[in-house]
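Spelled out, the chains give:
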Amino acid sequence: MTLPSAARTVVIGGGVIGCSIAYHLAREGRKDIVVLERSKLTSGTTWHAAGLVRRLRPSATLTKLINYSIDLYGELERETGQATGWTQTGSLTLATNQDRLTNIKRQVSLGRAFGLEAEVVNAARAKELWPLIETDDVIGAVWSPADGRVNPSDVALALSKGARARGVRIFEDTAVTGLQKKRGRISGVEIGEHVIEADEVVIACGLWSREVAAMAGAHMPLYACEHFYILTKPLAEVQALGKGAHLPTLNDQDAFLYARDDVEGLLVGCFEPHAKGISTRDLPADFSFDLLDEDWDHFMPMMENALRRIPALERAEVRMLLNGPESFTLDSQFMLGESPEVPGLFLMGGMNSTGIALAGGAGKAMAEWIIAGEPTMELNEADIRRFSPEMNVLGALEARIPEVLGRHYDNPYPGRAMETARCQRRSPIHAGLVAAGAQFESRGGWERAVHFGGEAAHLPLSFGVPAWRAQVGTEVEACRNGAAILDQSAFGKIMVQGPDACAFLNHLCAAQMDIPEGRIAYTQILNARGGVESDLTVQRHGPETYLLIVGAGEVVRDLKRMRETRGDFRVAFTDVTSGYAILGFAGAKVRDVLQATSNTPLPDLKRFHFAPVEIGLARGWAGRLSFTGEEGFELYIPADMAMTAYEALLAAGASHAGLYASGSLRIESGFRAFGHELTPGTTPHEAGLGAFCAMCTGFVGEEALRDHTPARRIVSLLFDDPDAIPIHDEPVYFGGEVVGQITSAAWSYRFGRSVALAMVNAPFDQLAANQVVAGFDVEIACTRYSARAALKPAKEAFQ
Ligand SMILES: Cc1cc2nc3c(=O)[nH]c(=O)nc-3n(C[C@H](O)[C@H](O)[C@H](O)COP(=O)(O)OP(=O)(O)OC[C@H]3O[C@@H](n4cnc5c(N)ncnc54)[C@H](O)[C@@H]3O)c2cc1C
């Protein structure tokens, strides 16, 4: 087979991910696909993976993708004749402390939203299931019978066989050395002197993906870590199980360990707290079926944990300490999607040690995205557009990625934050917030103030009543009755200018954009299916000038969509995020405090209007709107004057509030947030925002919304029991059936109980009659809590 000079789609990388994407593209009917692998199929990371596949995951998206993978791995042999080694062994996850038990129970509850059954068991039952373990310290466990394992190389080979059978051409020993673009779009790949022209190129190069993406000027922030497991020689205790019998996969996350039987011996791996990063510069250029050096000093603390848990290991002869490289991402979620910088270039990687489990589902999702031109399912948390090019700084990756591996088994407590690569992006008033005692979380590279009680009011983290509840209560009170500054400077700001700015925005956004100067419109950007791609406010500054205020972290996504939608419109757009601070200013006293900073009279602003203001020595503009639903302004101030304005506000009596306070107020007010209630798979009508759609401006998605009757709706929930602490994604029941999931939750200081927003698909008749409907239950860590629901905001419905 000779290399072609053109192909419709070129997939670079013949690991499990590249093979899965090629297989699914072909299965979806795409023709003329070429896979290029610089060495042999599976020779990168895939061949030495442990092959564990666990269904219960902390998020809905991951759970769905892995469920699909498992179904596929069970069927591939029938289709291709190549076994995948899929063995349904079940998995056993131990808890040795109450928080771990809560966390694994939370996962059981989440699984129930998808019909996954798992059982909470005691230590005695855990020992029955895994007779080799010591269970003295085990306080409970979860038995998940549907989990299992595969042979990773065989999965990749089965996928490649299925792909070949559908016409995919696979070339081994073929390294891509360059990428070509025409007018900014990907146009081909270089293999030395040879060029294959292509409409689309997919990078699935594992830990080498970042460098390959850079060949086209695209960003793909990932970095590798060393990843260890031991393999023992046969052990009598494992042999005693009998031929063909297997142990379940064991997860002992409190000891940072996983284990399974392996050829009559054991495989014991770890996610150790102090991981070792490794640069691709330190790997040989011809790294293929290679491993990294054993490092017993590094592994020894994990070995000691393993010996405590599985005493039989004392008698085992260790065959090898396997050390292989795997790539991780800044937020421990894998990434996929079309490059924001280079149309036609698709990227998938940073699998965070779940690449085998995810390959089937994620490969299908990627293939569908390539064919449809946009995601066909809920992929927000994995979407590459959550990473801006600023996050692709090598120094940040080197600092953060070992921590990501090290915290793989951390309990995902609310308030948990990474400690490394901090302060990459700071608000112009950051120093003031520090002085005021802010506790920060790192989100999208930004330091975001979550409350002002410092560490003393933050720790210890908990799934129950958080340490900051009282502190946030005072901040909520200030947002209602005082004058609280909420730093929103991380919000994206995009300037749109040109003779066709109005027409362009009317095409891009669902609301009417032909608004008078000085007005603000609240709107969404939709996809062709009517799903929400962004939630934003738009200010009209002049006949041809608008400013878009978009979610923090949505700028990359929005700019990409704007470029795709621009067509012949004479319009330019510029990211001005770093140029301005945004200070939310909430509470009954904001007008008086703002006026006290300046002798220039404050304009008498109606809602959703803005006008220039002077704040002490600074000049900016104020919009009358708020993210909390309380009385207030948003103040927009040039970055270099922000500190001056902030100091003037403080001197006039302003106080502070953080994200936790604004989140609580937002949910009480029923305000929807992107990534929670609003996603590319949710229409404005489902979110209760249909009234904001102009339905006459020809916006993208308008057709899909005509005659659209939503089959599910966002509702407000108020819990009956003050002990109910929902976080996110919990299943919602009505009449004993799962009818939806929580999308946002917080403590309500107004009601003294938790409030939440949830997407539910019943009971519409009662909800539509504008009633408060009782009889809902929400399952949190295997306990059901009753709640009432309403379509209206909680603060109006549940008085
Ligand atoms: C010790 C260990 C244990 C693991 N255990 C599990 C587990 O139990 N369960 C699980 O789900 N996951 C596990 N993983 C993770 C899993 O192995 C990876 O997520 C997965 O293999 C990644 O697949 P990939 O296709 O992205 O990368 P790779 O398998 O590395 O494939 C990338 C391919 O791209 C090729 N390539 C690179 N550059 C070029 C170029 N310029 N031109 C052409 N080709 C190129 C490489 O040669 C390579 O073959 C484990 C990983 C390790 C290290």
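Chemist: What exactly am I supposed to notice about the overall build of the chain here?
Modeler: If you tally the helices and strands in the chain, you get 20 helices and 38 strands. Taking 2.2 N^0.38 as the reference for a compact globule, 799 residues should give roughly 28 Å; the C-alpha atoms of the chain span a radius of gyration of 27 Å, in line with that estimate. Expressed as a percentage of the 799 residues in the chain, the buried residues total 61%. Counting only carbon and sulfur atoms, one obtains 50% of the accessible surface of the chain, whose full area is about 28,900 Å². Separation of charge centres in the chain, based on 76 positive and 97 negative side chains, amounts to 4 Å.

Chemist: When you look at the site of the ligand in this model, what are you seeing that I'm missing?
Modeler: Neighbouring the ligand are 38 residues; E37, T46, L52, E326 and A357 lie closest to it. In this structure, L52 approaches the ligand through a main-chain N or O atom, which is 2.8 Å from an oxygen atom. At a separation of 3.4 Å, an oxygen atom of the ligand approaches a polar backbone atom of T354. For the shell around the ligand, the element with the most residues is strand 17 (residues 318–329), which contributes four residues. Grouping the amino acids of the shell around the ligand by side-chain chemistry returns 19 nonpolar, 16 polar and three charged.

Chemist: Explain the side chain of R469 here, please?
Modeler: Counting through the fold element by element, R469 comes out in helix 12 (residues 469–481). No salt bridge is formed by the buried R469. Its closest oppositely charged neighbour is D723, at 7.1 Å. In this structure, R469 is in contact with I725, W747 and Y749, ignoring residues within four places of it in sequence.

Chemist: What should I look at first to understand the packing of helix 12 against helix 17 (residues 659–668) in this one?
Modeler: Two elements in contact, helix 12 and helix 17, have axes separated by 8 Å at closest approach and are oriented at 60°. Relative to helix 17, the element helix 12 is oriented oblique. Like other packed secondary-structure pairs, helix 12 and helix 17 cross with a definite hand, here right-handed. Of helix 17, the residues touching helix 12 (which contributes V472, E475, V476, C479 and R480) are Y660, A661, S664, L665 and E668.

Chemist: Can you help me understand the packing of aromatic side chains in this one?
Modeler: Each aromatic ring pair is specified by the distance between its two centres and by the angle formed by the two planes. Within the structure shown, the criterion is met by 16 aromatic pairs. For the ring pair W47 and F289, a centre distance of 5.9 Å and an interplane angle of 70° mean the geometry is edge-to-face. With a gap of 242 residues between them, W47 in the loop between strand 2 (33–36) and strand 3 (52–53) and F289 in the loop between strand 16 (277–278) and helix 8 (296–309) connect regions that are remote in the sequence. For the ring pair F504 and F573, a centre distance of 5.7 Å and an interplane angle of 20° mean the geometry is stacked. In this pair, F504 sits in helix 13 (residues 501–508) while F573 sits in strand 27 (residues 572–575), placing the two residues 69 residues apart along the sequence. The exposure classification of F504 matches that of F573, with both residues buried. In this structure an aromatic cluster arises from ring pairing among F228, W296 and F299.

Chemist: Is there a simple way to think about the state of the cysteines in this case?
Modeler: Linking two cysteines covalently via their sulfur atoms produces the bond known as a disulfide. Per the counting criterion, the structure on display carries zero disulfides. The closest cysteine sulfur to the non-disulfide-bonded C19 is located on C205, 12 Å from its own sulfur. The buried category is assigned to C19, whose relative accessible area is 2%. Not part of a disulfide, C502 finds its nearest cysteine sulfur in C509, a span of 10 Å. With a relative accessible area of 14%, C502 lands in the buried category.

Chemist: Looking at this structure, how should I read the pattern of salt bridges?
Modeler: Close approach of charged atoms lets side chains of opposite charge pair. Inspection of every chain in the model, using the stated rule, returns 53 salt bridges. Salt-bridge contacts for D262 lead to R319; the nearest nitrogen and oxygen are separated by 3.3 Å. Of this pair, D262 sits in strand 14 (residues 257–262) while R319 sits in strand 17, placing them 57 residues apart in sequence. Residue class for D262 comes out buried when judged on its relative accessible area of 14%. Take R319: its relative accessible area is 43%, and that puts it in the partly exposed class. E447 is the salt-bridge partner of R422, the closest N and O atoms lying 2.6 Å from each other.

Chemist: Can you help me understand helix 8 in this one?
Modeler: At 3.6 residues per turn, the α-helix brings residues three or four places apart onto the same side. A rise of 1.5 Å per residue sets the reference length of helix 8, with its 14 residues, at 20 Å; its end C-alpha atoms lie 19 Å apart and thus fit the reference within 8%. The sharpest bend along helix 8 comes to roughly 30°, located at M302. Each element contacted by the buried residues of helix 8 is listed here: strand 4 (91–95), strand 12 (222–232), strand 13 (249–252), strand 14, strand 15 (265–270) and strand 17.

Chemist: What is the right way to read the sheet that holds strand 35 (residues 737–748) from this model?
Modeler: Backbone hydrogen bonds are what pair the strands of a sheet, in a parallel or an antiparallel way. Strand order in the closed barrel formed by six strands is 33-36-35-34-37-38, and the pairing between neighbours is antiparallel. Adjacent strand axes in the sheet meet at a mean angle of 40°, parallel and antiparallel pairs treated alike. Pairing of strand 34 (residues 731–734) with strand 35 involves four bridges; the strand directions are antiparallel. Bridge assignment links P731 to a residue of strand 35, and that residue is Q741. Helix-sheet contacts for helix 17 involve strand 35 and strand 36 (753–760), and the interaxial angle to strand 35 is about 130°.

Chemist: Just checking my understanding: could you explain the pairing of strand 19 (residues 345–349) for this structure?
Modeler: Each regular strand carries side chains that alternate between the two faces of the sheet. Among the five residues in strand 19, five count as buried, and that is most of the element. The side-chain alternation of strand 19 yields two buried faces, one formed by L345, L347 and G349 and the other by F346 and M348. Where strand 11 (residues 194–203) meets strand 19, three bridges bridge the pair, whose relative direction is parallel. Directly across from I203, in strand 19, lies its bridge partner L347. Where strand 18 (residues 335–338) meets strand 19, four bridges bridge the pair, whose relative direction is antiparallel. Note that in strand 19 the partner of G337 across the bridge is L347. Turn length for the strand 18-strand 19 hairpin, with the two strands adjacent in sequence and antiparallel, is six residues, and the turn residue G344 shows positive phi of about 90°.

Chemist: What should I look at first to understand the packing of helix 1 (residues 16–27) against helix 2 (residues 60–80) in this one?
Modeler: Each pair of packed helices gets described by two things: the angle between the helix axes and the distance between those axes. Contact geometry of helix 1 with helix 2 gives a least axis separation of 14 Å together with a crossing angle of 75°. In terms of their interaxial angle, helix 1 and helix 2 are classed as roughly perpendicular. Residues Y23, H24 and R27 of helix 1 pack against Y68, L72, L76 and E79 of helix 2. Grouping the amino acids of the contact of helix 1 with helix 2 by side-chain chemistry returns four nonpolar, one polar and two charged.

Chemist: Sorry if this is basic, but what is going on with the side chain of H458 here?
Modeler: Relative to the helices and strands, H458 resides in the loop between strand 21 (446–451) and helix 12. Here H458 falls in the buried class, since its relative accessible area comes to 4%.

Chemist: Would you explain the pairing of strand 4 in this entry?
Modeler: Of all five residues in strand 4, five are buried; the element is thus mostly enclosed. Here strand 4 shows no split at all, with S91, T93 and A95 on one side and L92 and L94 on the other all buried. Sheet topology note: the strand 4/strand 6 (residues 140–144) ladder contains five bridges and is antiparallel. Along strand 6, the bridge assignment pairs T93 with V142. As judged from the three bridges shared by strand 4 and strand 13, these two strands associate in the parallel manner. From the neighbouring strand, L92 faces strand 13, where its bridge partner is L250.

Chemist: Mind showing me how you'd approach helix 13 here?
Modeler: Within helix 13, six of the eight residues are buried, leaving the element largely enclosed by the surrounding structure. For helix 13, the elements touching its buried residues are strand 23 (492–497), strand 24 (520–526), strand 25 (532–542), strand 26 (545–550), helix 14 (555–565) and strand 27.

The rules behind the values
- Counting starts from 1 at the beginning of each chain's written sequence and moves along it residue by residue.
- Thresholds applied to this predicted model are a pLDDT of at least 70 for local features of residues and 80 or more for the giving and counting of side-chain atom pairs; totals over whole chains, interfaces and linings are not thresholded and use all residues.
- Side-chain calculation: all heavy atoms of the structure are included, whereas hydrogens and water are not.
- Going along the chain from the N terminus, every DSSP run of H or I of four or more residues is numbered as a helix, and every run of E of two or more is numbered as a strand.
- As a reference, a globule follows 2.2 Å times the number of residues to the power 0.38, and the radius of gyration itself is taken over C-alpha atoms.
- We call a residue buried when its accessible area falls under 20% of the maximum for its residue type, exposed when it is over 50%, and partly exposed in between, using a 1.4 Å probe and counting protein chains only.
- The protein chains shown are the only cover counted for residues, whose accessible areas, like all others here, come from Shrake-Rupley with a 1.4 Å probe.
- For the purpose of counting charges, residues Lys and Arg are taken to be positive, whereas Asp and Glu are taken to be negative. His and the chain ends are not included.
- Every charge is mapped to an atom, namely NZ of Lys, CZ of Arg, CG of Asp or CD of Glu.
- The nearness test applies per residue and asks whether one of its heavy atoms lies within 4 Å of the molecule or strand.
- Here a polar contact is taken to be a pair of N or O atoms separated by no more than 3.5 Å, where protein atoms must pair a possible hydrogen donor with a possible acceptor and residues adjacent in sequence count only if both atoms sit in side chains.
- Residues are grouped as follows: Ala, Val, Leu, Ile, Met, Phe, Trp, Tyr, Cys and Pro are nonpolar; Asp, Glu, Lys and Arg are charged; every other residue, Gly included, is polar.
- The salt bridge definition used is simple: a Lys or Arg side-chain nitrogen within 4 Å of an Asp or Glu carboxyl oxygen.
- Working rule for contacts: check all heavy atoms of both residues, and any pair within 4.5 Å makes them a contact.
- A fitted line through C-alpha atoms represents every axis, and for helices the fit uses only the stretch in contact; the resulting angles, taken between N-to-C directions, go from 0 to 180 degrees.
- Roughly parallel here means an angle under 35 degrees, roughly antiparallel means over 145, roughly perpendicular means 65 to 115, and every remaining angle is called oblique.
- A crossing counts as left-handed when the near helix is turned anticlockwise from the far one by less than a right angle, and as right-handed when that turn is clockwise.
- Planes of paired rings set the category: under 30 degrees apart is stacked, over 60 is edge-to-face and the rest tilted, where pairs are Phe, Tyr or Trp rings (Trp by its six-membered ring) whose centres lie within 6.5 Å.
- By disulfide we mean two sulfur atoms from cysteines, separated by a distance within 2.5 Å.
- An expected span of 1.5 Å times one less than the residue number is assigned to each helix.
- Bend is the name given here to the angle between axes fitted to two runs of seven residues, the run ending at a residue and the run starting at it.
- If DSSP finds at least two bridges between two strands, the strands pair.

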